[in-house]
Every structure is written in C-alpha cells, then in structure tokens.
Amino acid sequence: MSNQLSLAIGPGRLLSRPLDRLAHAGDASFYRLVPKSVVFPEKTEDIASLFQTCRENRTPLAFRAAGTSLSGQAVTDGILADLSRDWKTVEILDEGCRVRVEPGVIGGHVNRLLKPYGRKIGPDPASIDACMIGGILANNASGMCCGVRDNAYHTVESLKYLIPHGFHVIDTGCPEVEEQFAVLHPELRTKLLELQRRVRESSELTAKIRSKYRIKNTVGYALNAFLDEETPAKLLGRLMIGSEGTLGFIAEAVFRTVPDPPLKMTGLLFFPTVAEACDAIGALRDSGAAAIELMDWAALRSIRHQPGAPEIIPRLSKTAAALLVEHQCGDAGELSERRRVADEVLKGLSLLAPVEFTDHPYERAALWKIRKGMYPSVGAARARGTAVIIEDVAVPVGRLAVAVTDLQGLFIRHGYADTIIFGHAKDGNIHFVMTQSFNETREIQRYEAFMADVVDLIAVRHGGSLKAEHGTGRNMAPFVETEWGGEAYRIMRELKAAVDPENILNPGVIITDDPRAHLKNLKSLPTVEPTVDKCIECGFCEHVCPSRDLTLTPRQRIAVRRERARLLEQGDAASAAELAAVERAYLYDGLDTCATDGLCATVCPVGIDTGELVKQLRAEHAPERARRFALALARHPVATERLAGLGVRLGHAACAAFGESFLHRLTRVGERVTGATLPKWNPKLGTVARLPKTERARADAVYFPACVTRLFGEPRSGGAPVLFVEVAQRAGINLWIPPDVVGTCCGMPFSSKGYEEAFQTTAIRTAEKLRDWTDHGRLPVVTDASSCAFTFQSAKNLPERAAEIFKTVRVLDAVEYAHDALLPHLAPRKVLPSAALHPVCSLIKMGTTDKLSGIAAACAERVVVPENAGCCGFAGDRGLLFPELTRSATAREAEEVARLAADGFYSSNPMCEAGMRGATDRPYESFLALLERATRP
C-alpha cells in the first residue's frame, strides 16, 4: 500500500518509518493508535487519491490539523493525513467582514490578520493560538465568548468539501452547486432529502433538536442542519461542520467574521457558594457581559500559589466559587455605560469581597492568567505516569448550580478528590479537569464507573450535552444514542452509511457498535525523564518549533521517548528490532535537528523546555573523544578564538577564489573521511569584527561583545562593536570593552551540544571575568547577542559558582540597554520609510521584543514584524552543521518577507542575521546599524 500512497500524493510526502508512525500515534487526548503511514497531502487531488486508495484497501483514514483534539478524533491505526504543513491560504474579504481560510491555518493567525479591520472569527476556543481551522470546523469549536450564536456552525458562510466516493470538490458558495451535486451524487442526494423529510416530519425529533441546540452541543452529527438548510449540497456542507472527519474533507471555508471590540473591562467576583455564583449569571449576562467564567473552590485553590493570585483565595471555604466577568465595548462611551450598569448589578449580589472592574491591560491580563492557569496547574502537579483529562459538558443555565454540586459529589464518590471545575457559565458549559492513570486495570475500571455516572447525570438527569465544544470523539461515541435517543441516532447512522459506505473515515469516532470503545486504545504514560514527564501532549508547542516541518516537534520528541519506554517494557524480538530503528532515526530527527531554542517552553501550559531534554540526551550520546576535544577548546579559549577567526577569514577568501560549491564539496569529502558532521560554509556570514579602543576610567557600562559578534559581527554595513560604542557616545554614555575580552564566551555553544564540563569551565571563567570587569557588579554589563544575554540571565542552567556571581553582576541585552538607557538621550530621525524585524528567540523569551520594535519605530515610519516570524533555527552553529534546519524553520517567514516592500531588515544576533540573510536574500543586519544611521549627525 505504501507504493500506492506514494503515487497518490507524490514523493517526499509519505512517512512510514517506525519513528514517524510512533511520533504521530497520539494527539492531545488520552487515546493512542499507531498509524500504518503518515501522509502530507497538499492539494484536493491528493485527498481524492487518498480516498480511492483507502477504499480499495479497506484502510481507515483520519485527518489531523494541529492535533489539539481532546477526545481522540485525530488518531488512527490506518492512514493519518497531516494537514499542518500545507493548506495555509488566508484571504481577507469585504474589508474583513468575511475571510476565506484553508484548514492548516492556526485560528489565532487568522485573528491577527483580521485585527486591523476590528474583526475576528466567531469561534474563540482557549487553544486558538495552537489549534487550526480544520479542527475548529471539524469539532464545531466555540469558546468563552461566542456561545451558540457565533460558533463555527453559525458563522461559516460556505465550504469547499470532498466526500470519500467522489473526485470533485463541492463548493457550497457556487450558484450551480445543487445542479452539480445532483449530477455527481444522485443517490446520496436522494438519501439526504429522505433523511431531511423524516426529521422534519417528526415533531418530537424536531422539538428535541431545537431544544438541544439552545445550549452548546457537539455530540453526534449536527442534526440542526436538517432544519436549517433546504438543499442537499448545502445541507451536507453544514453537516460537515462538527463531523470530526467522519463524512469527508473540508478544503476551505468562508467565515462571516464578528466585531472585535477594542475596549474591555474585567472583574473577578467571589461568592460564598456555587449556587449564589450561578444565581448571578442571569443579571450579569443581561448587563452585556461577553464572558462569564465559573471557577469552583478546587479550581481557585489550584492556583493559590501563582504570582498575583488574590489574597482571599486561601481564606475561602470549600463551598466558595468565583466568576470572572468581562465586558467588551466599541468605544469609551459604551465602556462608561457598561461600567455604570455593572456597578448596579454588583450591588445586588452576595459577594465575599468588593469588586472593581478594570480596563487596565496588565490588570486584565493578570485576572485572565488566573483563569487560564488552572488547567496547567493540575497538569504540572499530577503524579508521574498519569494523564490529564479535561471533560466538557453543558446543561441549561438554570440547572448549572445543581449540576456542579452533583459533579462534585461524583468526584468524591469515585476518588477524584482533586478534580477542578471551571467553564463558560454564561452558556451552562463547564469543564472538569482530573488526573487519571491508565497503566493499571483497576484504574481503568474506576474511570469506566465514573464515566457511566457522568453520562447518567448530564445526559439523563439534567438533559444536557456530554460534549459541549470538544467534539464527540472516541470517549463519547458509545453514549451518543443515550443522549439523543434511538430515532435521532438512526438518522446519524444512516447519514454516515450514505456518505461513507465503506466506513473508512475515522471509524469509531461519533458512530460505534462497541459500548466499551471509550476504554480501548488508552494512552499509558510511562515515566521517562523528570524534565518531560509533566508533558500532557497537548501540542501547543508545535507551531513555534523550528524543526516542525523537517523532523519532529517537541511533543513528538517526548512522545517518542515514551514509545521507547513502551518498547523496552515489551522486550520481545520484534519490539527490540523496532526500538533499534527508532533509536537510530532519533539521533538525527530528535537530537541533531533540535534548535534547543526554548520557545516551546513559552507556550507550553506546564512550562516544559524540550531543548533541555535534548541537551541532556546529547550529553549522553556525545563520544568521549568529542567531550575531551571540547574541554581542550574551553581550556584554551584565546587560541581557539584566534584559530576560529583565521578560519572565518580563510573561508571568505576561499569562497571568493573557488566558489561556494567547491567548499561544500570539500566539506562532504571531510565528512566521509572523518565520519563526523562538519560545518558547511555559509557565504552570508559576517567576518571578524573590529573592536574600537575604549577607556575604563569614565565607563558607564562594561560592553561585552559576544564571541559570535567578534567572529562574525562585521557584515558589509559595519560591525556592531563600532556602531554600539559610537551610538552610546552620542547619548553621552561611555562603554568600555575590556582588552582581554578575546576568548571570553557565555559557554552556550558547549551547553547546547551537551558538553557539560566544557560549558562549566567556560561559564565560570567568564563569570569571574565579568565580576572583575564590573568591579563586583558596580557597573552593568551589556552584550550584543541576545542569546548570550539570555544565557547569563537564565541562571538555572549555569554552574552554581557562576550563578552566585550573577546574583550581583547585571547582564543586559543590547536591545534592552539601547531602548532604556540610550534612546531617551538621543534624537533619532525616521530615516527609513519601513523596517522589517526578526525578533530572535532569546529576545522573545526575555520579553523584550516590544523594545526592539520601539527602537525601530523611532527610526522608521513603519515597523513590520512578519506574522510568521519565529526561531530561524540557526542556533549558533546548528545552521552550519544542518543548514536544512534553517531552510525549513524560515520557509514561511521567508515567503512573507519576499512580499514585504521593506527598506531595511534588522535583528539582534549575528548568527540569526546570517541565517535570515541566507533564507530571505535580504540584507539583515544589527538593529544598531539602524539606530546609528538615525542618530548620525
């Protein structure tokens, strides 16, 4: 079948190695299925070919976009079609009132493109900065503010879709779509009209549908489509939304967007009981609140140690609850009126503490951090080897208080005492988060009994939805009939059979004959390394990973480590052979091509830096000879730097004389002879920088030109050291470059490779030099490579002796220093119409990208940060050893930069500037070049 698939979608788009299959075996849910192959289709013809191949071979097919699905919709033991690398087109229509989007686009990306128009898409799931449009459509996503009115179902205007026994794209926005559908699918058309007639003729079923969709509901197929649409092609298009990939493939959607109010005010209200909190929902909703988020006592208690947590939380009784309330307004007048109305409502509530709504961005962010920190707090505190399960139910708002109390009783009865409840109270939609092990039979039995009680409580006793916004998936498929009843379930089954008669699309999702399907293919979580055992495999990290389109993502690197543990545990011959293949492939896919940039930690709900795992594993795999060589270099730093500088000069000379291709051929010969991976020459590198003479006597700060600046910091436009000293002098500030700076390094090049002894030797020596240069911390230190500044500031990775010194020695990044210390004393002119920036990963982690933008804004009329800007993957010398990493990491940003009509291109690290010069063929240089030009007399 692999040959068929390769022919169907083209070369290079099929993965079938054990490593690739195991890396894709899980999504964000607690289910695990190992696919036979992973494919990356890029056009609708590929999808049609996949349908045909899977039908011919009776092989299941499932689609995955971001893989943030929480109910097991994006795993399969058949063919997994991954949409995350392609399907990225976004087209803004009608001044932002509509937007055309393909399934591989992240929801938050669409909203950022719509922001200049004051619009956004209706669905607003908590995962919007990670999940993709394909999942938003397939699960009929909603969220905190959109309710049942602005979810995916109600805001999609038209769709392009394919069904499994057709080769033609059906476009519901086309005026002739019904005529085309009648010709292409006459039998299916007849069946859809028959099902529609049966639904409409059953007054009982019609009433049930209307009732159930007054609250959030993603259980089963969207039966309201039979009432809302008249014609078959559009009816099937509407049914595609929320179908979780079981009916067909959505290739494109046109959304009607909704207003994105610019002004917001937020308040946190504490109540003595859940009942009193729920009693307040109606008045708060009627006052115009866009979001009302409920948190029970256990949820509040889970974040009591979080910085900024309200002081009242430790004093709350176990019956207490809170509501986070937000109003969103179009202008200052509306905001003032909403504040007046909200204050009136507050007077009638039984509150435990006074409340004042705030419109201050930082204060609002702090309040939302409390709400959003609850899920991560449970994930971080759970026992190793347990999964985090977040369930999602809805009940009529009038029954919310009773339902929450009943759920709390179930937690105690089944031994889930630490489970927390929070959710979108305005819509009666609540989530509960629990930890669960699937490593033992008795634990699975406990979960089975608990879920049976939850189904009875929500679906039967409270007439609610077993899934409000996360989709039916595998864990609620056995209970669809319980919630909907026999007549509605028969309609759903007949619909599935009519559209997908061979049952190849995501079998077992939504429709199943197995009453225990939710207890099969559960994801055990073997313990591997403490660094990553907290990982909940949510996938939030993947979109920021430089190697995401080349090899593995952080989630996959961790998943493969867990798969390795499973294979070791099995211990049979077949597992041993598979393990050997996985470990061989992991050296390149898992270790060599990780940039260890740490951006994954900035978006990870539990703060995991997968780069730390990679460094640890590199250290374990590093040959002893390489370790000794690294230590020798660390012990002779001056000679090492001088030799390296000579190599850089010779490289430029040889490239000029013989050409780049000659040097690459020479490198390949060297790799064959030595068996090692050698750096590839990059003509975009700068050359050895000139260090200006400076004086210590009147120094305001110690300027530490980083080793990469000293070696590669002088592109054609001039070197950063000369520029920095000159600009500082114009601001009346004297920088001093120590005369013995040569050979001094932060040690990161050794640390990233796992050469720990070399790193410690280098870091300690540098810390001691900085202590002496700064007169034991009297002067600040400024360095011109953001990555070096971050290494010094992130003392957690430094040797203890060095970390102690850095408690007194302040190291500042040049961006921060230039913005805070130099800019106020300068009068820069706007010397460029526009400037494009590449914020390096270290700058992002230090939280100072706005300062880089601020400097550029003082020097250029317009500042552009590409939407797809991220880590360039150059990662010190990683881009020289594995240039394919930089090519892959920068591909989307490079496409965007190619469309920019910018007049200058700037960053804050010499290696990243070289990487971006190579990726974009644009003259990226230090931001100091822009500042110097703008302040030049």
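On a predicted model such as this, the values are computed, not experimentally measured, just so you know.

Basis of the calculations
- Each chain carries its own residue numbering, running from 1 in the written order of its sequence.
- pLDDT decides what is reported in this predicted model: residues at 70 or higher carry local features, side-chain atom pairs at 80 or more are listed and counted, and totals for whole chains, interfaces and linings draw on all residues regardless.
- Heavy atoms from the whole structure form the basis of all side-chain values; hydrogens and water molecules are not counted.
- Only DSSP runs of H or I reaching four residues or more are called helices, and only runs of E reaching two or more are called strands; each is numbered from the N terminus.
- Throughout, the radius of gyration refers to the C-alpha atoms, and the reference size of a globule is 2.2 Å times the residue count to the power 0.38.
- A simple rule labels every residue: compare its accessible area, found with a 1.4 Å probe on the protein chains alone, to the largest value its type can have, and call it buried under 20%, exposed over 50%, or partly exposed in between.
- Contacts between residues were defined by any pair of non-hydrogen atoms, one from each residue, lying within 4.5 Å.
- Per-residue and other accessible areas were derived by the Shrake-Rupley procedure at a 1.4 Å probe size, with only the shown protein chains allowed to occlude residues.
- As used throughout, the charge tally considers Lys and Arg to be positive and Asp and Glu to be negative, leaving His and the chain termini uncounted.
- Here the site of a charge means NZ on Lys, CZ on Arg, CG on Asp, or CD on Glu.
- Salt bridges are counted wherever a side-chain nitrogen of Lys or Arg sits within 4 Å of a carboxyl oxygen of Asp or Glu.
- Residues are said to line a cavity or pocket when one of their atoms sits within 4 Å of a point; the points come from a 1 Å grid over protein atoms alone, cavities being sets where a 1.4 Å probe fits but cannot get out and pockets being open sets with protein on both sides within 12 Å along at least five of seven lines.
- Grid points are joined across faces, edges and corners, and a volume is the space filled by probe spheres set on the points.
- Side-chain classes follow a simple rule in which Ala, Val, Leu, Ile, Met, Phe, Trp, Tyr, Cys and Pro form the nonpolar group, Asp, Glu, Lys and Arg form the charged group, and the remainder, Gly included, forms the polar group.
- Exposure above 30% relative accessible area and the absence of a salt bridge qualify a residue for a patch, where like charges join within 9 Å and nonpolar side chains (Val, Leu, Ile, Met, Phe, Trp, Tyr) within 5 Å.
- In these notes, a set of buried Ala, Val, Leu, Ile, Met, Phe, Trp, Tyr and Cys residues joined through side-chain atoms within 4.5 Å is what counts as a nonpolar core.
- The criterion for an aromatic pair is that two Phe, Tyr or Trp rings (for Trp, the six-membered ring) have centres within 6.5 Å, with stacked assigned to planes under 30 degrees apart, edge-to-face to planes over 60 apart and tilted to the rest.
- Look at NZ for Lys and CZ for Arg. If either is within 6 Å of the ring centre and within 35 degrees of the ring normal, a charge sits over the ring.
- When DSSP finds two or more bridges between two strands, those strands count as paired.
- Note on geometry: axes are C-alpha line fits, over the in-contact stretch for helices, and angles between N-to-C directions span 0 to 180 degrees.
- Each angle gets one of four labels, with under 35 degrees taken as roughly parallel, over 145 as roughly antiparallel, 65 to 115 as roughly perpendicular, and the rest as oblique.
- Note: crossing handedness is left-handed where the near helix turns anticlockwise from the far helix by less than a right angle, and right-handed where it turns clockwise.

**As for the overall build of the chain**
- Scanning the chain from N- to C-terminus turns up 42 helices and 25 strands.
- Relative to the 2.2 N^0.38 estimate, which gives 30 Å for 937 residues, the radius of gyration of the chain is 29 Å and therefore close to what a compact globule would have.
- Each principal axis of the C-alpha atoms in the chain carries an extent, and together these give about 90 × 70 × 55 Å.
- Buried residues in the chain amount to 60% of all 937 residues.
- Counted over contacts in the chain with a minimum sequence separation of 6, partners at least 24 positions apart contribute 75%.
- Of the roughly 36500 Å² of accessible surface on the chain, 52% is carried by carbon and sulfur atoms.
- Considering the chain, the positive charge centre built from 113 side chains and the negative charge centre built from 114 side chains are found 4 Å apart.

**Examining the pattern of salt bridges**
- Using the criterion set out here, one finds 67 salt bridges in the structure.
- Its salt-bridge partner being R461, residue D406 comes within 3.5 Å of it at the nearest N-O pair. With a gap of 55 residues between them, D406 in helix α18 (residues 400–413) and R461 in helix α19 (residues 441–461) connect regions that are remote in the sequence.
- Given a relative accessible area of 22%, D406 falls into the partly exposed group.
- Put simply, R564 and E583 hold a salt bridge, and the shortest N to O gap is 2.5 Å. Within this pair, whereas R564 is found in helix α23 (residues 554–570), its partner E583 is found in helix α24 (residues 573–592), the two being separated by 19 residues in sequence.
- R564 gets classed as partly exposed once you look at its relative accessible area, which sits at 27%.

**Examining empty space enclosed by the protein**
- Tallying each qualifying case throughout the model produces seven cavities of 30 Å³ or more.
- In this structure, the largest cavity encloses a volume near 360 Å³.
- Looking at the largest cavity, it is lined by 33 residues, and the ones nearest its centre are A66, E542, T553, R555 and Q556.
- Of all the elements in the fold, those that place two or more residues in the lining of the largest cavity are α2 (18–23) and α23.
- With six residues, the top contributor of residues to the lining of the largest cavity is α23.
- Taken together, the residues of the lining of the largest cavity sort by class into ten nonpolar, eight polar and 15 charged.

**Quick look at a nonpolar patch on the surface**
- A grouping of L643, L646 and L650 is seen on the molecular surface, where their side chains present a nonpolar patch of about 310 Å² in accessible area.
- Among the secondary structure elements, L643 is positioned in helix α28 (residues 637–658).

**Focus: the nonpolar core**
- Membership of the largest hydrophobic core comes to 116 residues, with the highest contact counts inside it found for L236 and L323.
- Considering each element in turn, this core owes the most residues, eight residues, to α19.
- Of all hydrophobic cores here, the second largest spans 95 residues; its members include A720, A821, M911 and A914.

**As for the packing of aromatic side chains**
- Here the structure, examined in full by the defined rule, presents 19 aromatic pairs.
- Where F411 meets F450, the ring centres are 6.1 Å apart and the plane angle is 40°; that geometry is what we call tilted. Taken as a pair, F411 in helix α18 and F450 in helix α19 lie far apart in primary sequence, 39 residues in all. Accessibility assignment for this pair places F411 and F450 in one class, buried.
- Here the aromatic residues F30, Y31, F438 and Y447 are joined through ring pairs into a cluster of three or more.
- Seen from the ring of W484, K212 lies directly overhead, with NZ or CZ sitting 5.4 Å from the centre.
- Over the face of the ring belonging to Y153 we find R238, whose NZ or CZ atom lies 5.1 Å from the ring centre.

**A word on the pairing of strand β6 (residues 98–101)**
- Along β6, the buried face is formed by V99 and V101; none of R98 and R100, which line the opposite face, is buried.
- With four bridges connecting them, strand β5 (residues 90–93) and β6 associate as antiparallel partners. Residue pairing across strands places I92 opposite V99, the latter belonging to β6.
- Where β5 folds back on β6, the antiparallel hairpin that results is connected by four residues, among which D94 adopts a positive phi of roughly 50°.
- The pairing of β6 with strand β10 (residues 249–256) spans four bridges and is classified as antiparallel. In the sheet register, V101 faces β10, and the bridge partner there is A253.

**Some thoughts on the packing of α23 against α24**
- Look at α23 against α24: their axes get within 9 Å of each other, and the N-to-C directions meet at 160°. Taken together, the axes of α23 and α24 are roughly antiparallel relative to one another. Relative to α24, α23 is oriented so that their crossing is left-handed. On α24, the residues touching R557, V560, R561, R564, L567, L568 and Q570 of α23 are S575, E578, L579, V582, E583, Y586, D589 and G590.
- Class assignment for the residues of the contact of α23 with α24 results in six nonpolar, three polar and six charged.

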